[in-house]
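If you want the building blocks of each chain, they are given just below.
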Amino acid sequence: VYQDGEGSPAKSVTAFKNLQTENIQFIHTIVSSVALAVEPLANDAQIIQMDLSAATPLYSTKGDYSFRVGPSATVLASRAAQELIGTNQTRIAVLAINNEYGTGILNTFNGEYERLGGTILITERFKEGQTDFRSLLTKIHSENPDAIYVISYIKEFGQFTVQRKELGLSEPIL
């Protein structure tokens with residue numbers, strides 16, 4: 001039995017409710033916002049929820065029935081901070097998607113990066129689905145960072161890298 005919430009928390013809740021009528025034993029969710037929306041319903045119904053990519057620290061097996069199979073934001077952000085400091089990129093700009101996924105990684109990353117001795121010159125947020133990053137790129141470039149740490153989904157990251165190249169910018173991206 002299959003239902004697609006299309007990455008939308010509201011649609012995913014509806015999909016979950018539809019699946020409940022099929023007497024399901026478990027569900028798979030994907031992305032932080034969907035996992036967080038479905039989690040209380042799955043736990044209340046005692047249906048196992050396995051999430052494949054929820055990185056937000058807010059999704060951390062709060063009940064007996066919700067599990068994560070991918071790394072948490074804490075792990076992802078800590079490793080990114082260590083990598084940047086380890087390659088002597090100590091003055092950076094951070095660009096993060098403005099949702100649960102981005103916030104989870106951003107909060108952990110900023111704290112860890114600064115704890116390791118790095119300086120965050122600028123932090124900018126963008127909307128999920130945003131297609132124009134030129135003004136953010138110009139603003140980031142004016143800070144002269146050693147690198148740009150981008151917390152994004154693939155679609156937005158692709159737009160960001162294309163526009164970075166079009167503007168002739170060369171800061172490394174992680």
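Residues numbered from 1 in each chain as written. Predicted model: local features only at pLDDT ≥ 70, side-chain atom pairs only at ≥ 80, totals over all residues. Heavy atoms only, no water.

Asker: What is the right way to read the sheet that holds strand E6 (residues 147-151) from this model?
Answerer: Within a sheet, each strand pairs with its neighbour through backbone hydrogen bonds, oriented either parallel or antiparallel. Strands sit in the order E5-E4-E6 across an open sheet of 3 strands; the sheet is parallel. Strands at the two margins of the open sheet, each flanked by one partner only, are strand E5 (119-126) and E6. Strand-to-strand, the axes of this sheet are offset by a mean angle of 20°, without reference to chain direction. As paired elements, strand E4 (residues 91-97) and E5 share 7 bridges and run parallel to each other. (Pairing = 2+ DSSP bridges. Helix = DSSP H or I, 4+ residues; strand = E, 2+ residues; numbered from the N terminus. Axes fitted to C-alpha atoms, helices over the stretch in contact; angles between N-to-C directions.)

Asker: So what exactly am I meant to see when it comes to the packing of aromatic side chains here?
Answerer: The description of an aromatic ring pair rests on the distance of the ring centres and on the angle between the ring planes. Tallied over the entire structure, the rule returns 6 aromatic pairs. Considering the side-chain rings of Tyr101 and Tyr153, the 5.3 Å spacing of their centres and the 20° angle between planes classify their relative orientation as stacked. Of the two residues, Tyr101 is situated in helix H4 (residues 100-115) and Tyr153 in the loop between E6 and helix H6 (154-166); the sequence distance between them amounts to 52 residues. By relative accessible area, which is 17% here, Tyr101 ends up buried. When its relative accessible area of 22% is taken as the criterion, Tyr153 is described as partly exposed. Ring centres of Phe109 and Tyr149 lie 4.1 Å apart, and the angle between their planes is 35°; on these two criteria the pair is classed as tilted. In this pair, Phe109 is assigned in helix H4 and Tyr149 in strand E6, connecting sequence segments 40 residues apart. According to the relative accessible area criterion, Phe109 is buried, its value standing at 0%. (Phe/Tyr/Trp six-rings, centres within 6.5 Å; stacked < 30°, edge-to-face > 60°. Buried < 20%, exposed > 50% of the residue type's maximum accessible area, 1.4 Å probe, protein only.)

Asker: Help me understand the layout of surface pockets, please; the structure alone is not making it clear to me.
Answerer: Over the atoms, a rolled probe matching the size of one water molecule traces out where space is still vacant. Estimated volume of the largest pocket: approximately 270 Å³. As for the largest pocket, its lining consists of 17 residues, and the residues nearest its centre are Gln3, Gly5, His28, Thr29 and Val34. Of all the secondary-structure elements, those providing two or more residues to the lining of the largest pocket are helix H1 (9-20), strand E1 (26-29) and helix H2 (32-45). In the lining of the largest pocket, the residues fall into 9 nonpolar, 6 polar and 2 charged. (1 Å grid on protein atoms, 1.4 Å probe; cavity = no way out; pocket = protein on both sides within 12 Å on 5 of 7 lines; lining within 4 Å. Points joined across faces, edges and corners; volume = space filled by probe spheres on them. Nonpolar A, V, L, I, M, F, W, Y, C, P; charged D, E, K, R; others polar.)

Asker: Quick question: what am I supposed to make of the pairing of strand E2 (residues 48-51) here?
Answerer: Along any regular strand the residues' side chains alternate between the sheet's two faces. Across the two faces of E2 the burial differs, with Gln49 and Asp51 buried and Ile48 and Met50 not buried at all. Where E1 lies against E2, 4 bridges are found, and the strand directions are parallel. Residue pairing in the sheet places Thr29 in a bridge with Asp51 of E2. Once the chain exits E1 it traverses H2 before rejoining the sheet at E2, and the crossover so formed is right-handed. (Right-handed = clockwise from strand over helix to strand, strands pointing away.)

Asker: I would appreciate a short explanation of the nonpolar core in the present structure.
Answerer: Soluble globular proteins tend to bury their nonpolar side chains together. In terms of nonpolar packing, the biggest core is built from 31 residues, with Ile92, Val94, Ile105, Phe109, Tyr149 and Ile151 touching the most fellow members. Elements supplying a minimum of two residues to this core: helix H3 (73-86), E4, H4, E5, helix H5 (134-142) and E6. If near-sequence neighbours (up to four positions away) are discounted, Ile151 is found in contact with Val94, Leu95, Ala96, Ile97, Tyr101, Gly102, Ile105, Leu106 and Phe126. Counting 9 residues, the second largest nonpolar core, distinct from the first, contains Ile24, Val31, Ala42 and Ile47. (Core = buried A, V, L, I, M, F, W, Y, C linked by side-chain atoms within 4.5 Å. Contact = heavy atoms within 4.5 Å.)

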